[in-house]
2 protein chains.
Amino acid sequence: MPHRPFQPRIRSGKISDYFTLVKASPDTPARLGELATSHGIVPTPAFLPVGSQGTVKTLTPEDLKSLGVAIVLSNTYHLYLRPGIDTIERLGGLHQYMAWDGPILTDSGGYQLFSLARLCQVTDDGVLFRSHIDGSEHRLTPELVVGFQESLGADIIMALDECPAHNEDLAKMRKAVERTYRWAERCRKHHERSDQLLFGIIQGGISPELRQLSARGITSLDFPGYAIGGLSLGEPKELMWSMVDETMPFLPQDKPRYLMGVGSPEDIVEGVSRGVDLFDSALPTRLARNGALFAMQGRQNIRKAVYKNKGGPVDPDCDCYTCGTFSAAYLHHLFKCEELLAYRLATIHNLRFITRLIQRIKDAIQQGTFSDFKNDFLGQYQVTDEEVRLAQKQKWLDVQQQ
Amino acid sequence: MPHRPFQPRIRSGKISDYFTLVKASPDTPARLGELATSHGIVPTPAFLPVGSQGTVKTLTPEDLKSLGVAIVLSNTYHLYLRPGIDTIERLGGLHQYMAWDGPILTDSGGYQLFSLARLCQVTDDGVLFRSHIDGSEHRLTPELVVGFQESLGADIIMALDECPAHNEDLAKMRKAVERTYRWAERCRKHHERSDQLLFGIIQGGISPELRQLSARGITSLDFPGYAIGGLSLGEPKELMWSMVDETMPFLPQDKPRYLMGVGSPEDIVEGVSRGVDLFDSALPTRLARNGALFAMQGRQNIRKAVYKNKGGPVDPDCDCYTCGTFSAAYLHHLFKCEELLAYRLATIHNLRFITRLIQRIKDAIQQGTFSDFKNDFLGQYQVTDEEVRLAQKQKWLDVQQQ
């Protein structure tokens, strides 16, 4: 397969040839950047909607564009099992398969192997596992995973990592950190496509020492970008942010930083304030399908009886298609009737809420007022109670493993 | 509520003030017409997608417009139960509620009372029934049903009819015909909105004598349009068409004729050739959600393994968004993964197939070549085997009653 040459972004203020820091916040680590990929530039901070199976649930590529989505995430693990990497490669790669001509990031499957797959056996060589779909046995190695991502042709690809549960014992966690390092090294060596950016992933669970160890190790391999993995797995928020804080000092300024699996409105604001450039999470789209719609005052449950006769939009501040076209009452009715249109309209709203939030964040950084913005936003946006949140998260993790 | 005055269509060749016969086929009863409603003109023949709960499943109003849909059907029975007629009326009527500014036809609920509702008790006064959703008890009368349709504000509304199963005994069927007549009379008397067209419904099961009796009775009440109801309920196709043939001679030339619940591609062609102007059916959209996609050679099951690696569109002749954007392989993948986008993309294709079929029918009538078109189409389009079709239909009717 002919690989298109990667076109690095050249400009006067460049820090490296594919990532440009455009503006830094005066009093926080927040920053504006531009990440050049083979399928276009991603202005950062950016949120990646999750399309694990090659589709952001309910939406077309045109929907994503009109929502202001700059880059989407898909998943090697899911696509490997269905429809199979060779199928997508034969049909011209993932961009053509899903008819999305913008940038794509594929996750390596590291997280999915430990959360979705069954009877997962990890050795230094790689991972033996059974498919969560049909129980069939498979083996993945760092080299195979990089090869698959080269075949899929995503613009940003991820090294294979070992991602244990957050409450795993320290010895096992240390072993995972060491193995993740060695796998990252093998991925780096095996990766050939010059039109893709390969990111390394930092692990270390909830141990400050292991986080630092992992960050030192992975960054020593000189990847074009770094992800913080193994968080948002059911640990308390406070602990999550303290792990991010332990890790960030080790990440170079001039490379993009990606906080994996994190993407609630409040977490995006918190993450940006710590210098994170990229976020992904299925939360905004999954919540939408459950009828939980974002608004500036917090999540609104559209199924509640109070919406039955509400003539205005769910979120009067919103400029999305859903809010501009339909009443909250109609959306409530669609959810009550379990009409398929409900899930699409709610997804449109929640993703638009996120892309507008990102835009407001960018404007604030541009104007040097990000600290004020953060305080205003977090003062106004009512976050889900931590106990409720952790219970919901555990329920979701349990459902995934069934 | 102020009722907008109905704007009849005035033109030289007019036969009546709201329905214009534009062109007749030289050698069949097929005809082109224009049906003027308060929300625009419906060129006939026309197919009405079914949006029983105020939404054509998976589609937005913009989708419907771009597919060339001129008029949609919704259902008094469903909307009465959820969200309630008063809710929709308070929110400005059904057009505003579902954000569709084109013509709407509401069915009276006659068919649904006998197919969906439970413990249905029919008296001369009306119908006592239990909701299929929550078992709650309700009573409907011809007057109430007309009043509800006035509150909803559809452009074309239907008289309440009694619609027994096709294999009901003759005595009971005769009773239903007589009662449908008396109810039609009461609907006619009770209807006040001058901006709505009230259609009468002819019943009579599979008895030629009762079909004629019903047709004579209902047409004597001088409705602005006539529907043939009580067909496509599991009886053989041949019998269905013979009942249509018994009925058509009694329907005036200068009024629109509506064949209820019929809308497969082959049935639309057959119906038009008998002089039918309007069709509705959930079949094209329901089949789509089951992965059965229309093509000129007949239905294609996109779940079949043969599509896994097929790079081209499902139907190379089609100009719809789905066929223009995605491969059959991708659609196959979405169906295999039960991804919600699958249902929308397939619905777009099947409805576009129908609107293009209607367009080809209209072109053929215009050019005086409809007979040839019909023969060509029916020669090419492989119809589902009658035994399989009846088994599928019965399964569907059974599912509805569960």
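Residues numbered from 1 in each chain as written. Chains lettered and ligands numbered in written order. Predicted model: local features only at pLDDT ≥ 70, side-chain atom pairs only at ≥ 80, totals over all residues.

Enquirer: Could you give an account of the overall build of chain A, naming the residues involved and the relevant values?
Expert: Within chain A, the secondary structure is distributed over 16 helices and 16 strands. The globule rule puts the C-alpha radius of gyration for 402 residues at 21 Å, and the 20 Å found for chain A is close to it. Within the span of chain A, comprising 402 residues, buried residues form 52% of the whole. If you take every contact in chain A between residues at least 6 apart in sequence, the share linking residues at least 24 apart comes to 67%. (Helix = DSSP H or I, 4+ residues; strand = E, 2+ residues; numbered from the N terminus. Rg over C-alpha atoms; globule rule 2.2 N^0.38 Å. Buried ≥ 20, exposed ≤ 12 C-beta atoms within 10 Å, placed from the backbone. Contact = placed C-beta atoms within 7 Å.)

Enquirer: If you had to explain the interface of chain B and chain A to someone new, which residues and values would you point to?
Expert: Taken together, the contacts link 32 residues of chain B with 32 residues of chain A. Counting residues per element, the side of chain B that touches chain A draws most heavily on helix 13 (residues 328–336) of chain B, which supplies 5 residues. Broken down by class, the residue content of the side of chain B that touches chain A amounts to 14 nonpolar, 11 polar and 7 charged. (Nonpolar A, V, L, I, M, F, W, Y, C, P; charged D, E, K, R; others polar.)

Enquirer: Now, about the pairing of strand 14 (residues 278–281) of chain B: what can you tell me, with residues and values included?
Expert: Residues and elements named next belong to chain B. What you see with strand 14 is no split at all: Leu278 and Asp280 on one side and Phe279 and Ser281 on the other are buried throughout. Pairing of strand 4 (residues 46–49) with strand 14 involves 4 bridges; the strand directions are parallel. Bridging across to strand 14, Pro49 finds its partner in Ser281. Crossover strand 13 (residues 257–259) to strand 14 through helix 10 (residues 265–273) is right-handed. (Pairing = 2+ DSSP bridges. Right-handed = clockwise from strand over helix to strand, strands pointing away.)

Enquirer: Can you explain the confidence of the model for chain A? Please cite residues and give values.
Expert: Residue and element names in this part refer to chain A. Confidence in the prediction of chain A, expressed as mean pLDDT, is 94, and 95% of residues score 70 or more. Per-residue pLDDT stays below 50 along residues 9–15; that stretch engages in 12 contacts with residues further than four places along the chain or on separate chains. This complex was scored by the predictor with a pTM of 0.95 and an ipTM of 0.95. (pLDDT = per-residue confidence, 0-100.)

Enquirer: Describe the packing of helix 10 (residues 265–273) of chain A against helix 14 (residues 340–367) of chain A, and please don't skip the residues or the numbers.
Expert: A pair of packed helices can be characterised by two numbers: the angle between their axes and the separation between those axes. Residue and element names in this part refer to chain A. One way to put it is that helix 10 packs onto helix 14 with a least axis distance of 11 Å and a crossing angle of 25°. It follows that helix 10 is roughly parallel to helix 14 by the angle criterion. Between helix 10 and helix 14 lies a crossing whose hand is right-handed. Where helix 10 abuts helix 14, its residues Pro265, Ile268, Val269 and Val272 lie against Ile354, Leu357, Ile358 and Ile361. Considering only residue class, the contact of helix 10 with helix 14 consists of 8 nonpolar, no polar and no charged. (Axes fitted to C-alpha atoms, helices over the stretch in contact; angles between N-to-C directions. Parallel < 35°, antiparallel > 145°, perpendicular 65-115°, else oblique. Left-handed = near helix turned anticlockwise from the far one by under 90°.)

Enquirer: Report on unusual backbone geometry, specifying residues and quantitative values.
Expert: Residue and element names in this part refer to chain B. In this chain, Thr44 is followed by Pro45 through a cis amide linkage whose omega measures 5°. Secondary-structure assignment places Pro45 in the loop between strand 3 (40–44) and strand 4. In this structure, Thr58 is a non-glycine residue whose phi angle is positive, near 80°. Along the chain, Thr58 turns up in the loop between strand 4 and helix 1 (61–67). In this structure Thr58 comes out as buried when scored by C-beta crowding, with 24 C-beta atoms within 10 Å.

Enquirer: Help me get a handle on the environment of Gly126 of chain A, residues and values and all.
Expert: Residue and element names in this part refer to chain A. Tracing the chain through its elements places Gly126 in the loop between strand 7 (118–122) and strand 8 (127–130). Its 20 C-beta neighbours within 10 Å are what place Gly126 among the buried residues. On a C-alpha basis, the gap between Gly126 and Val272 in space is 34 Å, while along the polypeptide they are 146 residues apart. With residues near it in sequence (within four places) discarded, Gly126 still touches Arg139, Leu140, Thr141 and Pro142.

Enquirer: Any details on the nonpolar core? Residues and values, ideally.
Expert: Ranked by internal contacts, the top residues of the largest apolar core, which has 245 residues, are Phe199 and Leu331 of chain A together with Phe199 and Leu331 of chain B. If we ignore the near neighbours within four places in the chain, the residues touching Leu331 of chain B are Ile302, Val314, Phe326, Ala342 and Leu345 of chain B. (Core = buried A, V, L, I, M, F, W, Y, C linked by C-beta atoms within 7 Å.)

Enquirer: Describe in detail the packing of helix 7 (residues 170–190) of chain A against helix 8 (residues 208–220) of chain A, supporting the description with residues and values.
Expert: Residue and element names in this part refer to chain A. Running from amino to carboxyl end, helix 7 crosses helix 8 at an angle of 10°, the nearest separation of the two axes being 10 Å. Considered as vectors, helix 7 and helix 8 are oriented roughly parallel to each other. Counting all contacts with helix 7, which are made through Met173, Arg174, Val177, Thr180, Tyr181 and Ala184, the residues of helix 8 involved are Leu210, Leu213, Ser214, Gly217 and Ile218. A class-by-class count of the residues in the contact of helix 7 with helix 8 yields 7 nonpolar, 3 polar and 1 charged.

Enquirer: Describe the relation of the copies chain B and chain A, listing the residues and the values that go with them.
Expert: In the superposition of chain B on chain A (RMSD 0.0 Å, axial shift 0.0 Å), the rotation amounts to 180°. Overall, the copies show the geometry of a two-fold rotation axis. Every residue of chain B has its C-alpha some distance from the rotation axis, and the shortest such distance is that of Leu340 of chain B, at 3.8 Å. Both copies present the same face, since 100% of the interface residues in chain B are matched by interface residues at the equivalent positions in chain A. (Least-squares fit on C-alpha atoms with pLDDT ≥ 70 in both.)

Enquirer: How would you sum up the domain arrangement of chain A? Please name residues and give values.
Expert: Residues and elements named next belong to chain A. Domain boundaries assigned for chain A yield domain 1 (23–287) and domain 2 (292–380). Taken together, the contact between domain 1 and domain 2 spans 28 residues of the former and 24 residues of the latter. Where the side of domain 1 that touches domain 2 is concerned, the elements lending two or more residues are strand 2 (31–37), strand 4 (46–48), helix 1 (61–67), helix 10 and helix 11 (283–289). Counting residues per element, the side of domain 1 that touches domain 2 draws most heavily on helix 10, which supplies 6 residues. The residue makeup of the side of domain 1 that touches domain 2, split by class, is 16 nonpolar, 6 polar and 6 charged. (Domains from an automatic or database assignment.)

Enquirer: Mind laying out the sheet that holds strand 12 (residues 225–228) of chain A, listing which residues take part and the relevant values?
Expert: Residues and elements named next belong to chain A. One open sheet holds the 8 strands; their spatial order is 4-14-13-12-11-10-6-5, and the pairing between them is parallel. Every other strand in the sheet has two partners, leaving strand 4 and strand 5 (72–75) as the edge strands with one partner each. When strand polarity is set aside, the average angle formed by the axes of neighbouring strands in this sheet is 25°. Inspection of the sheet shows strand 13 (residues 257–259) paired to strand 14 (residues 278–280) by 2 bridges, in the parallel sense. Of the residues in strand 14, the one forming a bridge with Leu259 is Phe279.

Enquirer: Which residues make up the sheet that holds strand 8 of chain A, and what are the values?
Expert: Residues and elements named next belong to chain A. The 3 strands are arranged 7-8-9 in an open sheet whose pairing can be described as antiparallel. Edge positions in the sheet fall to strand 7 and strand 9 (137–140), since each has one partner strand and no second. Adjacent strand axes in the sheet meet at a mean angle of 15° when their direction is disregarded.

Enquirer: Summarise the environment of Glu386 of chain B; cite the residues concerned and give the values.
Expert: Residues and elements named next belong to chain B. Its place among the elements puts Glu386 in helix 16 (residues 386–401). Separated by 211 residues in the primary sequence, Glu386 and Lys175 place their C-alpha atoms 30 Å from one another. When near neighbours in sequence (up to four residues on either side) are disregarded, Glu386 contacts Pro236 and Lys237.

Enquirer: Would you mind going over the environment of Gln196 of chain A in detail, with residue names and values included?
Expert: All names here are of chain A. Summarising the element assignment, Gln196 is placed in the loop between helix 7 and strand 11 (197–202). Accessibility expressed as a C-beta count within 10 Å gives 24 for Gln196, which makes it buried. If sequence neighbours within four positions are ignored, Gln196 has contacts with Glu150, Ala154, Asp155, Ile156 and Ile157.

Enquirer: Now, about the pairing of strand 8 of chain A: what can you tell me, with residues and values included?
Expert: Residues and elements named next belong to chain A. Across the two faces of strand 8 the burial differs, with Val127 and Phe129 buried and Leu128 and Arg130 not buried at all. Summarising the sheet, strand 7 and strand 8 pair through 3 bridges and their orientation is antiparallel. Counted as the bridge partner of Gln121 is Leu128 from strand 8. Following strand 7, the chain reverses through 4 residues before pairing antiparallel with strand 8. Pairing between strand 8 and strand 9: 4 bridges, direction antiparallel. Counted as the bridge partner of Arg130 is Glu137 from strand 9. The loop that links strand 8 with its antiparallel partner strand 9 comprises 6 residues; one of these, Gly135, has a positive phi angle of about 75°.

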